[in-house]
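So you can see what is in the structure, the chains are spelled out below.
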Amino acid sequence: MANPIISLKQVYKNYGYKEVLKGINLDIQPGQVIGYIGPNGAGKSTTVKILCGLISDYEGTVLVNGIDLKENPIAVKKIIGYVPELAELYDVLTPLEFLGLMANLYDLDEAVAKERIQKMMQAFGLSENINQRMDTFSKGMKQKVLISSGLLHNPEIIILDEPLSGLDANSVIIIKELISKLAKEGKTIFYCSHMMDVVEKVSDRIILINNGEVIADGSFHELQSQQGNNSLEKIFAQLTSQETLGDTADQLIKAFDN
Amino acid sequence: MINRFFIKMALLPTTFYRKLGVDSSQLKAILSAKLLMDDRRPAAIQYGRKKTDKPVSGATWATMITTAFLGLLFIFAFFVTNDSFTQFTIYFSFYIFILAATLITDFTSVLIDIRDNYIILPKPVSDNTVLLSRLLHIAIHSTKIILPLTISGLITVGIKYGLLSTLVFFFLFLPATLFTIFLINSIYVLVLKLTTPEKFKSFISSFQIIFSIGIYASYQVIPRLMGNAFLEKYTIPKNISSLFIPSCWFAGAWKFLTSPSGDWYFISTFLLTFTMPILSILIVIKYFAPSFNRKLALISGSEQATVVKQSKKTHIPHAWVYRLAGWVTNTNVEKAGFLQTWFMTGRSRDFKMRVYPGFGYLAVFIFLTISRTKRNHFTNIDLNNTGNILLVLSLIYFVSFVIMQALMQLSFSEKYKASWIYYTTPIRMPGELILGSVKAAICKFYLPVVLIIVLAGIFFIGPGIIPNLLLGISNQILLSFMISFISLRGFPFSQMESAKRKGTSFMRGLMSLFIPFLLICLHFLVFKYTVPIFLLLALSIIANWLIAGSIAQRGWKYFNGNYRED
């Protein structure tokens, strides 16, 4: 096996007394599409935030392309592109201004950046809105700008945190296509989502975490062979929920009994 | 507690409501929820109030107390002049202005509560219930402002003119208030006609800024008007043209009701007082309300409505800002900070609200300082006079307080969560970002003032002042860099407003007062000697260069480590 491009060793993180990550160990090979799933509060976004530099006070070792994230965060950030989930934006800026800002922060050559921005906006059908302030944009339009901002510097690793929120059906197809094309180019993709059907289709390898621990790891077929021939949704429910979810629905219905 | 009282009062005529087809338990539910929300939202009238971590509660009391202070301000009307008609005219003018201003700034969010569309409209609530709840809400809200606003006026009139006059006066607030509501509505309709709905909100915030500057100016000016001999003799002429001033109607009606006479003027004011507000309210209901509601619906649906409109501009807007950024910055990161700050300071509503009133206060202050010293005849200032030198110096240096205020606010924003971009990008020297940001603030807020100072200096004093001006300007830029060096610890627009200052802030505050003082003293000592001025200027420029360099060299360790999401 080649050297892993991302490697987490015994990564712990706590907020006060609450332990969010309890020793995560992961090795990710270049060119893989990782589906990173887990229930709310499982530690998914904490892992993502550590990887992209938003959280720096964790315990354990994170190596990206052989570089220790703690020792040389700048070098790591250079090769990572991050697309946050419906993140807050300085939305009084226009897409051109915002993406220009990102390009400057990535220290890209201005002419190169300008051309890329124009092309990306055109591809997303936003070229007419490029000089419009984003506070008038719909969720989907903002998400397209965010996706462009994560890809602008042509990163080796792309971290997508629920990238499909707010996008319409056609845009979802575009993004799924984009993910597989990027993977073919050898990019590593770290895909976080609640949408099991999409994860099932785009990922080479699925990692399921619950309560800050990895509880399942493998390709969709491997998971199926371990857990019975179910959809990812069913496997997810089997592994992460103590009671059967049908009971919860029953209890809700029973609330009308009075 | 006070809200419960208001709700009880509002719900008294239940049977009447039932006849109107209003469900009173729904009405009560809607009203209590609205008043509860009002109570938890800080009122706009407390401009400049620092937000704290504590959730707002009891905002009603706070608003009432602040409003009472505002009311205190305009009882001056009863003391500046001897003519009672003029006194009441002035009082009512202030009343109408302040009430309109508070209602516009404070009440817009109530009127334009788009959540109604999602929460109440889909529920089985009748139109009449919704309409009545809105009307009662407006009435309760206005009462909360009107009572404290007028209490000091009522007491003053009671002492000066007796009980009957006070009752008449109190009674006259009703037509005056109705008329004010008409005024507000006209303003809304006019603004919505002239601009797009999304610009409406920025209109409101500009209005708030002007309002707070106006209040500051009145607090400064009004005490000086007391005992002014000219004003004491001044009376408003009782002729046709003054009949066009609404506050004259109410003042005239007071005069007519307290001392009836056959004077045609007072009879007409009396008639106008009672016909005009009713007429205007009818106009509001018949003509304004429908188009207003349609426009309001547009505001709530702005997301879909405005995006369609696409700009066909092919050139990059603000190209000159990019060029300027290219001239004054050295690296890409610095440029990013510059452009980010330049664009955000002009567009972010909350930044403008925090900083722009300060500019206004300063303008008022400088204007008053100059007008107080007009005996000096500015056309030929004698610079051998120590007082004059101090005046010129303080005018040059006072301006820096504006840029200070802007600098101190640079790292705060309501959109602080958007600062993830600084943490996920490979910024080697975060200090460069800060330096770019500071440079933008200097270029945007200080350079235009510099231009005015230089022109004014040359015009009023002559070219001889130029070396001193240069030193002053360089020193102020130095001050800006120093203050940023000492106290800017956050990335531009990356921190919550309520973020508490660290324990060292007292020392920092002291430093930021001491340094300007020191610089003014130094400048004063060399004011008359050209050679030392140029020496100091050279030193000041070198210091600028050094400090800017050390801001840029600030590494990650210096900045509050993590991205804060909550």
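Residues numbered from 1 in each chain as written. Chains lettered and ligands numbered in written order. Predicted model: local features only at pLDDT ≥ 70, side-chain atom pairs only at ≥ 80, totals over all residues.

## Side note on the overall build of chain A
So, point 1. Helices and strands together make up the secondary structure of chain A, namely ten helices and ten strands.
So, point 2. By the compact-globule yardstick of 18 Å for 258 residues, chain A fits well, its C-alpha radius of gyration being 20 Å.
So, point 3. With the principal axes as the frame, chain A shows a C-alpha extent of 60 × 50 × 40 Å.
So, point 4. For chain A, the residues scored as buried account for 40% of the 258 residues in total.
So, point 5. Pairs at least 24 residues apart make up 68% of the contacts formed inside chain A by residues separated by at least 6 positions. (Helix = DSSP H or I, 4+ residues; strand = E, 2+ residues; numbered from the N terminus. Rg over C-alpha atoms; globule rule 2.2 N^0.38 Å. Buried ≥ 20, exposed ≤ 12 C-beta atoms within 10 Å, placed from the backbone. Contact = placed C-beta atoms within 7 Å.)

## Let's talk about the overall build of chain B
So, point 1. A count of helical and extended segments in chain B gives 24 helices and zero strands.
So, point 2. Here chain B holds 566 residues, and the buried ones make up 33% of them.
So, point 3. The contacts in chain B between residues at least 6 apart in sequence include a share of 80% that link residues at least 24 apart.

## Some thoughts on the interface of chain A and chain B
So, point 1. The interface of chain A with chain B comprises 33 residues on the first partner and 35 residues on the second.
So, point 2. Contributing elements (two or more residues each) for the side of chain A that touches chain B: α2 (73–79) and α3 (95–105) of chain A.
So, point 3. In terms of residues, the side of chain A that touches chain B owes the most to one element, α3(A), which gives seven residues.
So, point 4. Here the side of chain A that touches chain B is built from residues that sort into 17 nonpolar, nine polar and seven charged. (Nonpolar A, V, L, I, M, F, W, Y, C, P; charged D, E, K, R; others polar.)

## Observations concerning the domain arrangement of chain B
So, point 1. You can read the domains of chain B as domain 1 (2–42 + 58–302) and domain 2 (321–558).
So, point 2. Tallied by class, the residues present in the side of domain 1 of chain B that touches domain 2 of chain B amount to four nonpolar, five polar and no charged. (Domains from an automatic or database assignment.)

## Quick word on the packing of helix α22 (residues 466–487) of chain B against helix α24 (residues 530–552) of chain B
All names here are of chain B.
So, point 1. The interhelical angle for the contact between α22 and α24, taken along N-to-C directions, is 25°, at an axis separation of 9 Å. In this view, α22 runs roughly parallel relative to α24, as classed from their interaxial angle. The interaxial crossing formed by α22 with α24 has left-handed handedness.
So, point 2. Classifying every residue of the contact of α22 with α24 by side-chain character gives 17 nonpolar, eight polar and no charged. (Axes fitted to C-alpha atoms, helices over the stretch in contact; angles between N-to-C directions. Parallel < 35°, antiparallel > 145°, perpendicular 65-115°, else oblique. Left-handed = near helix turned anticlockwise from the far one by under 90°.)

## Digging into the sheet that holds strand β2 (residues 18–28) of chain A
Residues and elements named next belong to chain A.
So, point 1. In space, the four strands of this open sheet follow the order β2-β1-β4-β5, with antiparallel pairing throughout. Because the sheet does not close on itself, it has two edges, and the strands there are β2 and β5 (67–68).
So, point 2. Pairing between strand β1 (residues 6–15) and strand β4 (residues 59–64): five bridges, direction antiparallel. Each bridged residue has a counterpart across the sheet, and for I6 the counterpart in β4 is V64. (Pairing = 2+ DSSP bridges.)

## Quick look at the pairing of strand β8 (residues 188–192) of chain A
Residue and element names in this part refer to chain A.
So, point 1. The buried count for β8 comes to five of five residues, which makes it a mostly enclosed element.
So, point 2. Side-chain alternation along β8 places T188, F190 and C192 on one buried face and I189 and Y191 on a second face that is also buried.
So, point 3. Across four bridges, strand β3 (residues 33–37) lies against β8 in parallel orientation. Of the residues in β8, the one forming a bridge with G35 is Y191.
So, point 4. Here five bridges tie strand β7 (residues 157–161) to β8, and the two strands are oriented parallel to one another. Across the sheet, the residue bridging to I159 is F190, located in β8.

## So, helix α16 (residues 332–347) of chain B
So, point 1. An ideal rise of 1.5 Å per residue puts 22 Å on 16 residues; α16(B) measures up with 22 Å between its terminal C-alpha atoms.
So, point 2. Counting buried positions over the 16 residues of α16(B) gives 14, a clear majority of the element. (Expected span 1.5 Å × (residues − 1).)

## Observations regarding unusual backbone geometry
Residue and element names in this part refer to chain A.
So, point 1. Unusually for a residue other than glycine, Q10 sits at a positive phi of about 50°.
So, point 2. Of note, Q10 is situated in strand β1.
So, point 3. The exposed category is assigned to Q10, around which 12 C-beta atoms lie within 10 Å.
So, point 4. Although it is not a glycine, N65 adopts a positive phi angle of roughly 55°.
So, point 5. The topology assignment puts N65 in the loop between β4 and β5.
So, point 6. Its 18 C-beta neighbours within 10 Å are what place N65 among the partly exposed residues.

## Quick word on the nonpolar core
So, point 1. Core analysis: the largest hydrophobic core is formed by 122 residues, its most contacted members being M102(A), I159(A), F190(A), Y191(A), I403(B), L407(B) and A441(B).
So, point 2. At ten residues, helix α21 (residues 430–460) of chain B tops the list of elements feeding residues into this core.
So, point 3. When sequence neighbours within four positions are dropped, the list of residues in contact with I159(A) reads V48(A), L51(A), C52(A), I80(A), G81(A), Y82(A), V83(A) and F190(A).
So, point 4. Core analysis: the second largest hydrophobic core is formed by 35 residues, F94(B), L99(B), F211(B) and F250(B) among them. (Core = buried A, V, L, I, M, F, W, Y, C linked by C-beta atoms within 7 Å.)

## With respect to the pairing of β3(A)
Residues and elements named next belong to chain A.
So, point 1. Of all five residues making up β3, five are buried, and the element is well covered by its neighbours.
So, point 2. Residue alternation in β3 divides its side chains into two sets, V33, G35 and I37 and I34 and Y36, and both sets are buried.
So, point 3. Across four bridges, β3 lies against strand β9 (residues 205–210) in parallel orientation. The residue bridging I34 from the neighbouring strand is R205, located in β9.

## Structural notes on the packing of helix α15 (residues 319–328) of chain B against α16(B)
Residues and elements named next belong to chain B.
So, point 1. Viewed as axis vectors pointing N to C, α15 and α16 meet at an angle of 140°, and their least axial separation amounts to 9 Å. With respect to α16, the axis of α15 lies oblique. Two packed elements cross with a definite hand, and for α15 against α16 that hand is right-handed. Residues V321, A325 and V328 of α15 lie in contact with α16, whose contacting residues are K335, F338, L339 and W342.
So, point 2. Class assignment of the residues belonging to the contact of α15 with α16 gives a composition of six nonpolar, no polar and one charged.

## Topic: the confidence of the model for chain B
All names here are of chain B.
So, point 1. Overall, the predicted model of chain B reaches an average pLDDT of 78, with 81% of residues at or above 70.
So, point 2. Every residue in residues 301–310 scores below 50 in pLDDT, and together they form twelve contacts with partners more than four places removed in sequence or on other chains.
So, point 3. In the predicted complex, the global pTM is 0.77; the interface-specific ipTM is 0.85. (pLDDT = per-residue confidence, 0-100.)

## Quick word on the environment of T235(B)
Residue and element names in this part refer to chain B.
So, point 1. By the element assignment, T235 lies in the loop between α11 (229–233) and α12 (246–258).
So, point 2. A sequence separation of 22 residues divides T235 from I213, and the C-alpha atoms of the two residues are 28 Å apart.
So, point 3. The contacts of T235, once residues within four sequence positions are left out, are D83 and T86.

## Topic: the sheet that holds β9(A)
Residues and elements named next belong to chain A.
So, point 1. Taken in spatial order, the six strands of this open sheet run β6-β7-β8-β3-β9-β10, and their pairing is mixed. What marks the edges here is a single partner per strand, and that holds for β6 (80–83) and β10 (213–218). Taking each pair of neighbouring strands and ignoring which way they run, the sheet shows an average axis angle of 15°.
So, point 2. Along the sheet face, helix α5 (residues 139–151) touches β6 and β7 and points at about 170° away from the line of β6.

## With respect to the environment of Y397(B)
Residues and elements named next belong to chain B.
So, point 1. Within the fold, Y397 resides in helix α18 (residues 386–398).
So, point 2. The spacing of Y397 and A325 is 72 residues in sequence and 26 Å in space, taken between C-alpha atoms.
So, point 3. Setting aside residues no more than four positions away along its own chain, Y397 makes contact with G472, Q476, P516 and I520.

## Notes on α24(B)
Helical periodicity: at 3.6 residues per turn, an α-helix aligns residues three or four positions apart in one direction.
So, point 1. Given a rise of 1.5 Å per residue, 23 residues ought to cover 33 Å, and the 33 Å separating the end C-alpha atoms of α24(B) matches this to within 8%.
So, point 2. What α24(B) keeps buried is the set L536(B), S540(B), A548(B), I551(B) and A552(B).

## Focus: the environment of E222(A)
So, point 1. Within the secondary structure, E222(A) sits in helix α8 (residues 220–227).
So, point 2. As for E222(A) and L146(A), which are separated by 76 residues in sequence, their C-alpha atoms are 33 Å apart.

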